[in-house]
Amino acid sequence: PCPSRCPGSGARLTPALSPPQGYPGAGQPPPVGPYPGAPYGGGPPPGPYGHPPPGAPYGGGPPPGPYGHPPPGGPYGGPYGSPQPGPYGGPAPAGNAPPGVDPEAFSWFQTVDTDHSGFISVKELKQALVNNNWSSFNDETCLLMINMFDKTRSGRIDVYGFSALLRFIQQWRSLFQQYDRDQSGSISFSELQQAFSQMGYNLSPQFSQLLLARYAQRSPNPSIQLDRFIHICMQLQSLTDAFREKDTAMVGNVRLGYEDFLTMVVTRML
Amino acid sequence: YGGAPGGPAFPGQAQDPLYGYFAAVGGQDGQIDADELQRCLTQSGIAGSYKPFNLETCRLMISMLDRDMSGTLGFNEFKELWAVVNGWKQHFVSFDSDGSGTVDRQELEKALMTMGFRLSPQAVTAITKRYSTQGKIAFDDYIACCVKLRALTECFRRRDTTQQGFVNFHYDDFIQCVMSI
């Protein structure tokens with residue numbers, strides 16, 4: 001399902017909140033079978049974290065176009081997705097951006113590249129990316145982003161990588177905004193369940209609980225910020241791909257040796 | 001002893017030197033969270049001459065022993081953690097031949113193998129890539145790595161009912177067990 005076609009708040013009902021097959025007390029076994037991705041329900045992944053189209057160096061779908069009018073303080077909209085308020089909200093200097101790089105992205109790159117090395121490190125990236133509650137993106141997610149967009153294999157990203165990363169993040173912000181039905185700025189248990197379901201995953205409520213325990217701040221109503229949401233979804237996709245690769249018979253079941261298991265997980269999870 | 005809120009729960013606990021560190025940071029509930037663990041470990045000097053642990057590593061350490069999924073450790077769990085981390089530290093020190101507080105890829109590989117983790121070259125590459133700065137892995141990151149490997153190993157072992165080194169994973173179970181670390 002493409003995110004731009006997903007209903008916003010009129011989301012489709014999810015009767016499948018009962019545990020899938022294999023769990024104690026589970027209901028019907030899922031249909032095995034004729035349709036692709038059956039035991040996983042994954043289907044083709046929605047845009048933002050799919051595989052890059054052939055020829056495109058970076059992941060994600062087509063860029064959503066220009067960033068739009070920057071509100072005061074930043075290029076991204078209102079309560080949702082403003083980066084650190086700062087001095088760079090104004091129009092970028094013309095003519096300096098490398099070919100193919102959006103001038104705003106270039107201007108932002110220059111601000112974030114505090115040591116003027118021409119590359120952005122994890123630490124510098126942390127300064128650039130914020131959640132809706134103004135907390136910086138956590139280390140894990142920044143690392144993930146760098147690894148995704150680092151074509152130089154140096155652990156840092158150049159201006160092209162950064163530009164692609166910004167587009168990528170913007171797509172995620174939109175998706176996050178859709179799933180955040182009550183517009184609280186973070187994603188709650190039920191919103192997370194809904195998100196997984198809409199993405200085509202058929203995962204148990206226990207799984208969502210586990211993720212909240214692992215990723216959310218301790219509180220009576222734990223919820224997940226954008227950075228952790230991105231991290232979760234990307235990891236889920238990656239591990240699902242890894243599992244699928246081994247499950248050639250498409251039965252939702254794989255026999256793994258210990259070393260294989262470690263390799264599979266370690267190469268995808270770290 | 002006993003009875004007083006926040007006081008020792010059993011005779012002898014107060015004499016345990018570890019209890020001093022624990023009580024100094026723990027609240028009235030006798031539980032410590034990741035922040036408090038970080039302070040506690042730093043004060044105890046377990047990191048020795050190495051840098052103190054970062055918060056994410058502390059969170060990982062708690063999750064390793066946090067059986068009630070509370071996100072906190074009680075004193076007994078803390079003691080267990082202490083013993084495990086000390087063991088890992090001795091191991092790290094034995095491979096840190098120049099005492100720099102870091103190990104390189106080969107030393108890391110040897111250290112992990114001798115701990116019993118069977119890692120393919122790709123796995124070692126992934127680990128080194130993730131945890132090294134300029135080809136060197138610091139003590140804190142080594143611990144984070146050990147915690148993750150240990151958790152994954154536990155997850156696998158618990159399901160290996162015939163103890164043959166093979167597990168049949170259902171998709172959901174695989175995802176859940178791996179992503180909860």
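Remember, predicted model here, so these are calculated numbers, not experimental data.

J.: Provide a residue-level description of the overall build of chain A, including the pertinent values.
T.: Each helix and strand counted, chain A has eight helices and one strand in total. The secondary structure elements of chain A, listed N-terminal to C-terminal, are α-α-α-α-α-α-α-β-α. A burial count over chain A gives 48% of its 270 residues as buried. At a minimum sequence separation of 6, the contacts of chain A that also span at least 24 residues come to 60%.

J.: Kindly report on the UniProt feature "domain: EF-hand" (unreviewed entry) in chain B, identifying the contributing residues and their values.
T.: Here, UniProt's "domain: EF-hand" (unreviewed entry) annotation points to residues 83–118 of chain B. Across residues 83–118 of chain B, helical content stands at 64% and strand content at 8%; the span's end C-alpha atoms are separated by 23 Å.

J.: Lay out the pattern of salt bridges in plain terms, naming residues and giving numbers.
T.: Residue and element names in this part refer to chain A. Counted according to the given criterion, the structure contains nine salt bridges over all chains. Across the pair D139 and K126 runs a salt bridge whose closest N-O atoms are separated by 2.8 Å. Pair noted here: D139 is in helix α3 (residues 139–149) and K126 is in helix α2 (residues 122–128), with a separation of 13 residues, a long-range link.

J.: So what's going on with the confidence of the model for chain A? Which residues, and what values?
T.: Residues and elements named next belong to chain A. Averaged over every residue, the pLDDT of chain A is 72; the share at 70 or more is 65%. Across chain A, the secondary-structure element scoring lowest on mean pLDDT is α3, at 89, and the one scoring highest is helix α5 (residues 189–199), at 96. Note on residues 1–39: pLDDT is under 50 here. Beyond four places in sequence and across chains, it has 57 contacts. Under a pLDDT of 50 for its full length, residues 41–94 has, in the predicted model, 106 contacts with residues more than four places off or in other chains.

J.: Go over the UniProt feature "domain: EF-hand" (unreviewed entry) in chain A with me, naming the residues and quoting the values.
T.: Residues and elements named next belong to chain A. Under the feature "domain: EF-hand" (unreviewed entry), the UniProt entry names residues 100–135 and 167–202. The distance separating the terminal C-alpha atoms of residues 100–135 is 31 Å; by composition the span is 47% helix and 0% strand. Regarding residues 167–202, the helix share stands at 67% and the strand share at 0%, and the terminal C-alpha atoms are separated by 28 Å.

J.: I'd like a rundown of the packing of helix α3 (residues 55–65) of chain B against helix α7 (residues 139–159) of chain B, residues and numbers included.
T.: All names here are of chain B. At their nearest, the axes of α3 and α7 sit 9 Å apart, and the two run at 30° to each other. Regarding the angle of α3 to α7, the classification is roughly parallel. Every pair of crossing elements has a handedness; the one defined by α3 and α7 is left-handed. For the pair α3 and α7, the contacting residues are T57, L60, M61, M64 and L65 in the first and D140, I143, A144, V147, K148 and R150 in the second. The residue inventory of the contact of α3 with α7, partitioned by class, reads seven nonpolar, one polar and three charged.

J.: Give a description of the environment of K51(B) that names residues and reports values.
T.: Along the chain, the position of K51(B) falls in the loop between α2 (34–44) and α3. When the C-alpha atoms of K51(B) and Q106(B) are compared, they prove to be 22 Å apart, with 55 residues separating the residues in sequence.

J.: Outline the interface of chain B and chain A, supporting the account with residue identities and numerical values.
T.: Between chain B and chain A, the residue contacts involve 38 residues of the former and 44 residues of the latter. Interface of chain B and chain A: buried area, both sides summed, is about 3900 Å²; carbon and sulfur atoms make up 66% of it. Where chain B touches chain A, the interface holds one salt bridge. Here E259(A) makes a salt bridge to R118(B), at a shortest N to O gap of 3.9 Å. In this structure, the connection of chain B to chain A is made through nine residue pairs in polar contact (both at pLDDT 80 or more).

Conventions we followed
Residues numbered from 1 in each chain as written. Chains lettered and ligands numbered in written order. Predicted model: local features only at pLDDT ≥ 70, side-chain atom pairs only at ≥ 80, totals over all residues. Heavy atoms only, no water. Helix = DSSP H or I, 4+ residues; strand = E, 2+ residues; numbered from the N terminus. Buried < 20%, exposed > 50% of the residue type's maximum accessible area, 1.4 Å probe, protein only. Contact = heavy atoms within 4.5 Å. UniProt positions renumbered as here; feature names shortened; annotations may be inferred. Salt bridge = Lys/Arg side-chain N within 4 Å of Asp/Glu carboxyl O. pLDDT = per-residue confidence, 0-100. Axes fitted to C-alpha atoms, helices over the stretch in contact; angles between N-to-C directions. Parallel < 35°, antiparallel > 145°, perpendicular 65-115°, else oblique. Left-handed = near helix turned anticlockwise from the far one by under 90°. Nonpolar A, V, L, I, M, F, W, Y, C, P; charged D, E, K, R; others polar. Buried area = accessible area lost by both parts, 1.4 Å probe. Polar contact = N/O pair within 3.5 Å; in protein donor to acceptor, adjacent residues only side chain to side chain.

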